[in-house]
Amino acid sequence: MNIFSDHFLLLQVIIPLISALILALSTRKILYHLSLLAIILNIIISIQIFNKSLDHSIIYQLGNWAAPLGVEYKVDTLNAIFLLLINIVGLAGLFYGYNSDELNAPKVKANIFYSLYLLCLTGMLGIVVTNDIFNIYVFLEIFSLSSYALVALGYSRKSLVAAFNYLIIGSISASFILIGIGLIYMITGSLNLTDLTNITESRSNSSNLYMGIVFIIVGIMIKVGLFPAHNWLIRIYEVTPQPVMFLVTGLSSKISLYIIIKLFYKVFPISILLNNEIGIILKFIAAGTIIIGSIFAYMQKNVRTILAYSTITSTGYVIASISINDKQSFIAAILIIISDSLTKPVLFLFNDNYKALMAKLNNEIKYCYIFNYANLIGFPLTLGFISKWYLLSSLIYSSAWFLVVVVILSSVMSFMYMLKIFKINESKIDNINQEQPIFILKSKIIITSLTCLNLTLGLSSNIIINYLQ
Amino acid sequence: MSSKTRDIIILLLSIITVISVINIIFNYLNHGKASLTIISIAPNLNISFATEPLGLLFMLMVSVLWLITHIYSIGYMNFHYQKIDLSKFYTLILFSIFCSFGVALASNLLTLFVFYEFLTICTYFLIVFDPDENKMKAGRIYLTYLFGSSLAFFLPAIILTYSYTGSITFTYGGVFSETSQYIGIMFLLYLFGIAKTAIIPLHSWLPSAMVAPIPVSALLHAVAVVKTGIFCILKIVIYIFSVSRLNEYAQNSNLSLIIQIVAGTTIIIASILALAQNSIKKLLAYSTISQLSYSILAISIFTKKAVIAAVFHMISHAISKITLFFAAGNIYTATGKTDISEISGIAKIIPVTMIAFLIGALSMIGIPPASGFLSKFYIFTASWGMKNNYIIIIVLLLTSLISTSYFSKLLYNAYFEKTKEDISINKLSFYMQFSIILTSLAIILLNIFAQHIISFIS
């Protein structure tokens, strides 16, 4: 056991990577189960990591090369939460897509789908476990490249165009990030994040360092679809095929947000944000994103588009809290990310199968439906409420009054478009084949389990908050 | 479960509730404050309860009126909704009562807010009970106004309070350590955030919610929901800001004046709108809007005496309005009429109901022996010698005049017009007669207990 437990951090990346390779090479159906197995194994390991990280942060040196030279993996409380989140949502998504109609279509090579899915997860997990800024870039590319291919899986003309857009935009943002990393390396001579913290402490007024950070921010902002570069993301959300929905709507932009959070709260000294205009620019962009997101969400007629704009709004919330950069806003950012990535995929799922799920008068499914929307608007006792509470109070503490007003207005708007979604869903015409008892059962399991998780986290957010502090 | 067993079980439940509320009150008088923390959802954010006189009084009022309304609805619902399964309806009513108890016992603003919002949800489902197009529309308006205002003003106000003072627990003497300049803006945020007080321009949910069955309108829209709004304001004034601090603040600012203008406009506009109504229920709804703002008007004086007057007005109005709603329900049950123009000469057919209506109307206008006189008298004396009291006096006199005219229009129609020939009459059940007699007696008896109530609060 000891051999395993020493390598837990590496295993998080290795297990899905190797399974992905196996799946890519073989077309045997029995091997498809491997994909589920790999993620379940990963969840078990990430729970172990979570338990361990309660005491102290876990450090793993790849190939026993010491830190500044070799690559280092490091997990503390922030990373452990993200590991769990990615694995859980990833499992739910794979379970949902597993053996679904889209994959059984004649044109599709199902083994490639599973392989790409696992590769995508590998990239995400890698970004979270690694403590090396260049490694983050590498994993970001792994995750992005596989998600372009996954979006194209829809095979419709629209999804191909969207995937192509995704590819172009993703490459542009990746090059921005790469240039940023290069600049930072030029100044500090190190890629290790712990090392960077120590070095930048003394050189926080260097303009090249500042430029590097700006490049990274711009790159990531294009990637998460912040105002004014949000249009392409909406199109992706509209056409994403169902098996990849959880990955795209629940996780992909959250991972990029994780990078910003990690850099701002854990790596670079706070003075960089406070002394320069970055904070002000971030506030401006956040306000723009929130305003555009909520107004456009209300104007749409398609539920998927509404939800897509709502996702952009919550990304805006996260950026708003990052721009404050204090303890409260850190908690707010994490809580917003958790609640959004647990809620959004479920809402997309509900939207796509509304009639089929609501066909039989099934009360617990109805409660889940209402609960998830309650979470979206921040109804009391949900995770969404606690996160909004923390966001607003940190904004008030730092007297960012304009953002306070924007956030309040957008939460009113979110309530308005929720009513609109209810109305649209009620009038939906039944166009879904209802002869899919297994599919319905599967969706029910996913919905109820994610909702229960969300509910428990909302009621016990005390634990998360204490854990983060 | 058959409808009979269900009715009896709920009746027993409500009797037990009344008894236990009285028990809690005696407990409070003998042993002092009791408190309980259910769950702590985040640092400093607890769901917890505590007893205090104002909340206990509110609980007593809600539980007694719930008991009476239940007796009434046994007659009413079984007459009008024979074919529909009513268990969901009664469950929702129980939930609503639970939520208003939660508001009554809340020991901090978060708990208050949580139950306030849950009450909105429960009553929304009561409004859209047995849904049709009209009810769904009313339900949407209801949710939009109540949720919209609480998301836009109430929640931000709570978070502002928390950020400035670090505490949202109700404490006698307030949580503010000094008279800061933000008190005024925060108070206005609370005032407009709690749209359950139906202050203009956030009032239109109340008339549209009148599509609900009579017992729901009576219990929820004359007692639980709107009174929860007033109660929240009272609790915030006493335990968050503290009356003396607000008074101190109001000395050097226009806060009192602004609230008086808002409340005064509400009272007068709502009364004029009531004058224009033909439907009895709509008339009662607009009259509720105007009467609720009396309490706000009284609060705006910011003295202890005035707050007590507001509390007393809240109770007296609850009992009077519920009587009027029962009377409207009786008229509808007996003759099938809902409009003022259709009820000419009806007093000869249902004399008991119309006498009860007369007593309720007298209380609304403020004529002795009804308790409405006493409550208006208290507001009047509280305003005596205060700055800007002419607004209060003018508003009181003017609206008494307007409400006299709209009630006398109805009563004249009922008593002195000729009875129409084609009216078909259903017999009113014992339950409906009994409960309306009970409430109209309560209106008069409240005068006797006024002194006890006041001494209990102070």
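Placed above this text is the structure.
Residues numbered from 1 in each chain as written. Chains lettered and ligands numbered in written order. Predicted model: local features only at pLDDT ≥ 70, side-chain atom pairs only at ≥ 80, totals over all residues. Heavy atoms only, no water.

Participant: Explanation requested: the overall build of chain A in the structure shown.
Facilitator: Within chain A, the regular secondary structure consists of 22 helices and 2 strands. Excluding contacts between residues fewer than 6 apart, the proportion of contacts in chain A whose partners are at least 24 apart in sequence is 79%. Side-chain charges of chain A comprise 28 positive and 19 negative groups, with the mean position of each set lying 8 Å from the other. (Helix = DSSP H or I, 4+ residues; strand = E, 2+ residues; numbered from the N terminus. Contact = heavy atoms within 4.5 Å. Lys, Arg positive; Asp, Glu negative; His and termini not counted. Charge placed at Lys NZ, Arg CZ, Asp CG, Glu CD.)

Participant: Just checking my understanding: could you explain the pairing of strand β1 (residues 58–61) of chain A for this structure?
Facilitator: Every regular strand shows the same layout, with side chains that alternate between the two sheet faces. All names here are of chain A. In β1, alternate side chains face the same way, and those of Ile58 and Tyr60 are buried while those of Ile59 and Gln61 on the opposite face are not. Strand direction decides the pairing type here: β1 and strand β2 (residues 72–75), joined by 4 bridges, are antiparallel. Paired with Ile59 across the two strands is Lys74, which belongs to β2. (Buried < 20%, exposed > 50% of the residue type's maximum accessible area, 1.4 Å probe, protein only. Pairing = 2+ DSSP bridges.)

Participant: What is the right way to read the packing of aromatic side chains from this model?
Facilitator: We describe a pair of aromatic rings using the distance from one ring centre to the other and the angle between the two ring planes. The tally for this structure, following the rule as stated, stands at 53 aromatic pairs over all chains. Summarising the aromatic geometry, the rings of Tyr124 of chain B and Phe125 of chain B are spaced 5.2 Å apart at their centres and angled 70 degrees between planes, so their arrangement reads as edge-to-face. Note that Lys420 of chain A overlies the ring of Tyr298 of chain A, its terminal NZ or CZ placed 5.1 Å from the centroid. (Phe/Tyr/Trp six-rings, centres within 6.5 Å; stacked < 30°, edge-to-face > 60°. Lys NZ or Arg CZ within 6 Å of the ring centre and 35° of its normal.)

Participant: Before we go on, may I ask you to explain empty space enclosed by the protein in this structure?
Facilitator: The method is simple in principle: a probe with the dimensions of a water molecule rolls over the atoms, and the space it marks as empty is what remains. Residues and elements named next belong to chain A. This model, assessed by the stated rule, comprises 9 cavities of 30 Å³ or more. Mapped onto the lining of the largest cavity, the elements with two or more residues apiece are α15 (303–324), α16 (327–352), α18 (363–377), α19 (383–397) and α20 (401–426). In terms of residues, the lining of the largest cavity owes the most to one element, α16, which gives 5 residues. Broken down by class, the residue content of the lining of the largest cavity amounts to 5 nonpolar, 11 polar and 3 charged. The space that makes up the second largest cavity amounts to roughly 90 Å³. (1 Å grid on protein atoms, 1.4 Å probe; cavity = no way out; pocket = protein on both sides within 12 Å on 5 of 7 lines; lining within 4 Å. Points joined across faces, edges and corners; volume = space filled by probe spheres on them. Nonpolar A, V, L, I, M, F, W, Y, C, P; charged D, E, K, R; others polar.)

Participant: Help me out: how do you make sense of the side chain of Lys344 of chain A in this one?
Facilitator: All names here are of chain A. Here Lys344 lies in helix α16. The class for Lys344 is buried, based on a relative accessible area of 1%. Setting aside anything within four residues of it in sequence, one finds Lys344 in contact with Thr249, Leu307, Ser310, Thr311, Ser314 and Leu376.

Participant: Before we go on, may I ask you to explain the side chain of Lys281 of chain B in this structure?
Facilitator: Residues and elements named next belong to chain B. Along the chain, Lys281 turns up in helix α11 (residues 280–299). Despite its burial, Lys281 pairs with no opposite charge, the nearest such side chain being Asp339 at 11 Å. From its side chain, Lys281 meets the backbone oxygen of Ala212 in a polar contact 2.6 Å long. The residues contacting Lys281, other than those within four sequence positions of it, are Met210, Ala212, Pro213, Ile214, Ser217 and Phe325. (Salt bridge = Lys/Arg side-chain N within 4 Å of Asp/Glu carboxyl O. Polar contact = N/O pair within 3.5 Å; in protein donor to acceptor, adjacent residues only side chain to side chain.)

Participant: Honestly, the pattern of salt bridges in this entry has me stumped. Any pointers?
Facilitator: One side chain can pair with another of opposite charge once the charged atoms of both are near each other. What the rule picks out here adds up to 4 salt bridges over all chains. We note a salt bridge from Glu52 of chain B to Lys235 of chain B, for which the minimum N-O separation is 3.2 Å. With Glu52 of chain B in the loop between β2 (45–50) and α2 (53–80) and Lys235 of chain B in helix α8 (residues 214–241), this residue pair connects regions lying 183 residues apart in the sequence. In terms of burial, Glu52 of chain B and Lys235 of chain B fall into one category: buried. It is possible to trace a salt-bridge network through shared partners that takes in Lys254, Asp340 and Lys344 of chain A.

Participant: Sorry, what's going on with the packing of α16 of chain A against helix α21 (residues 437–459) of chain A here?
Facilitator: Each packed pair of helices is defined by two parameters, the angle between the axes and the distance between the axes. Residue and element names in this part refer to chain A. Two elements in contact, α16 and α21, have axes whose closest approach is 10 Å; the angle formed by their N-to-C orientations is 155 degrees. Classified by the angle between their axes, α16 and α21 sit roughly antiparallel to one another. As for how α16 packs across α21, the hand of that crossing is left-handed. Of α21, the residues touching α16 (which contributes Ile338, Ser339, Leu342, Thr343, Val346, Leu349 and Phe350) are Ser443, Ile446, Ile447, Leu450, Leu453, Asn454 and Leu457. (Axes fitted to C-alpha atoms, helices over the stretch in contact; angles between N-to-C directions. Parallel < 35°, antiparallel > 145°, perpendicular 65-115°, else oblique. Left-handed = near helix turned anticlockwise from the far one by under 90°.)

Participant: Got a minute to help me understand the nonpolar core in this structure?
Facilitator: Considering soluble globular proteins, one finds that nonpolar side chains tend to be buried as a cluster. Ile261 and Trp389 of chain A together with Phe407 of chain B are the most contacted members of the largest nonpolar core, which has 359 residues in total. Once residues within four sequence positions are removed from consideration, Phe407 of chain B is found in contact with Leu283, Leu284, Ser287, Leu324, Phe357, Ala361, Met364 and Ile365 of chain B. (Core = buried A, V, L, I, M, F, W, Y, C linked by side-chain atoms within 4.5 Å.)

Participant: Where do I start with the state of the cysteines in this structure?
Facilitator: What makes a disulfide is a covalent bond joining the sulfur atoms belonging to two cysteines. This structure, assessed with the given rule, holds 0 disulfides over all chains. Cys452 of chain A carries a free sulfur, and the closest cysteine sulfur to it, the one in Cys368 of chain A, is 6.4 Å from it. Its relative accessible area of 48% is what places Cys452 of chain A among the partly exposed residues. Summary of cysteine pairing: Cys99 of chain B is not part of a disulfide, and the nearest cysteine sulfur, belonging to Cys122 of chain B, is at 4.0 Å. (Disulfide = S-S within 2.5 Å.)

Participant: I would appreciate a short explanation of the interface of chain A and chain B in the present structure.
Facilitator: Buried accessible area, meaning the area lost when the parts come together, often serves as the stated size of an interface. Taken together, the contact pairs 28 residues of chain A with 29 residues of chain B. Roughly 2600 Å² of surface becomes buried between chain A and chain B when both sides are summed, with 82% attributable to carbon and sulfur atoms. Among the residues chain A hides against chain B, the three largest losses belong to Phe379, Trp389 and Phe415 of chain A. Together they make up 25% of the total. In this structure, the connection of chain A to chain B is made through 0 salt bridges. Here chain A and chain B share 3 residue pairs in polar contact (both at pLDDT 80 or more) between them. Of all the secondary-structure elements, those providing two or more residues to the side of chain A that touches chain B are α19, α20, α21 and α22 (461–468) of chain A. (Buried area = accessible area lost by both parts, 1.4 Å probe.)

Such coordinate-based values are descriptive only and should not be taken to indicate function.
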